[in-house]
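Understanding the architecture of this molecule
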Amino acid sequence: MPESRRSFSSELKEEAVKMVVETALPVAEVAREIHVNEGTLGSWVNRYRAEHVDDEPPLALSGRARLRELEKEVRELRMKAEFLGKAAAFFAREHR
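The structure displayed is predicted, hence computed values, not measured ones.

Further remarks concern helix 3 (residues 38-51). Compared with an ideal rise of 1.5 Å per residue, which puts 14 residues at 20 Å, helix 3 spans 20 Å between its outermost C-alpha atoms and is within 8% of the ideal. Those residues of helix 3 not exposed but buried are Leu41, Gly42, Trp44 and Val45. The arc that holds every buried residue of helix 3, seen down its axis, measures 160°, which confines them to one face. Structural note: helix 3 exposes Asn46, Ala50 and Glu51 on the side pointing more than 90 degrees away from its buried face. Contact partners of the buried residues in helix 3: helix 1 (10-23) and helix 2 (27-34). Its side-chain oxygen placed 2.6 Å from the backbone nitrogen of Gly39, Asn37 serves as the N-cap of helix 3.

Below, the structure is given as structure tokens:
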């Protein structure tokens, strides 16, 4: 027997999207909280962001500097993780 599709009010959709967008909570967490499929909520959020792309103010100069700083930190941490992985593999081979 096929399941019937659930329909959600536009108010519920708006509130759920606001929870994700304004509080920066993960989609999965909000979806569990309101008993909606994660993919469904994700599509609502994507649609909202596509429709409101111009609503977000551009990053200020200090925001851009912070973004560059964080990107540099991510690159450095990835390099360290790669190095540590290779070192662990090397020492695992040597230990045998």
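Text resumes after the structure shown.
Moving on to the confidence of the model for the protein chain. Across the protein chain, the average pLDDT comes to 87, with 92% of residues at or above 70. When mean pLDDT is compared element by element in the protein chain, helix 3 scores highest at 93, while helix 4 (residues 61-95) scores lowest at 89.

Soluble, globular proteins show a tendency: their nonpolar side chains are buried together. Counting residues in hydrophobic clusters, the biggest one holds nine residues: Ala16, Val17, Val20, Val30, Ala31, Val36, Leu41, Trp44 and Val45. Those elements giving two or more residues to this core turn out to be helix 1, helix 2 and helix 3. With sequence-adjacent residues up to four places away left out, Trp44 is seen in contact with Phe8, Lys13, Ala16, Val17 and Val36.

What counts and how
- Residues numbered from 1 in each chain as written.
- Predicted model: local features only at pLDDT ≥ 70, side-chain atom pairs only at ≥ 80, totals over all residues.
- Heavy atoms only, no water.
- Helix = DSSP H or I, 4+ residues; strand = E, 2+ residues; numbered from the N terminus.
- Expected span 1.5 Å × (residues − 1).
- Buried < 20%, exposed > 50% of the residue type's maximum accessible area, 1.4 Å probe, protein only.
- Arc of directions from axis to C-beta.
- Contact = heavy atoms within 4.5 Å.
- Polar contact = N/O pair within 3.5 Å; in protein donor to acceptor, adjacent residues only side chain to side chain.
- pLDDT = per-residue confidence, 0-100.
- Core = buried A, V, L, I, M, F, W, Y, C linked by side-chain atoms within 4.5 Å.

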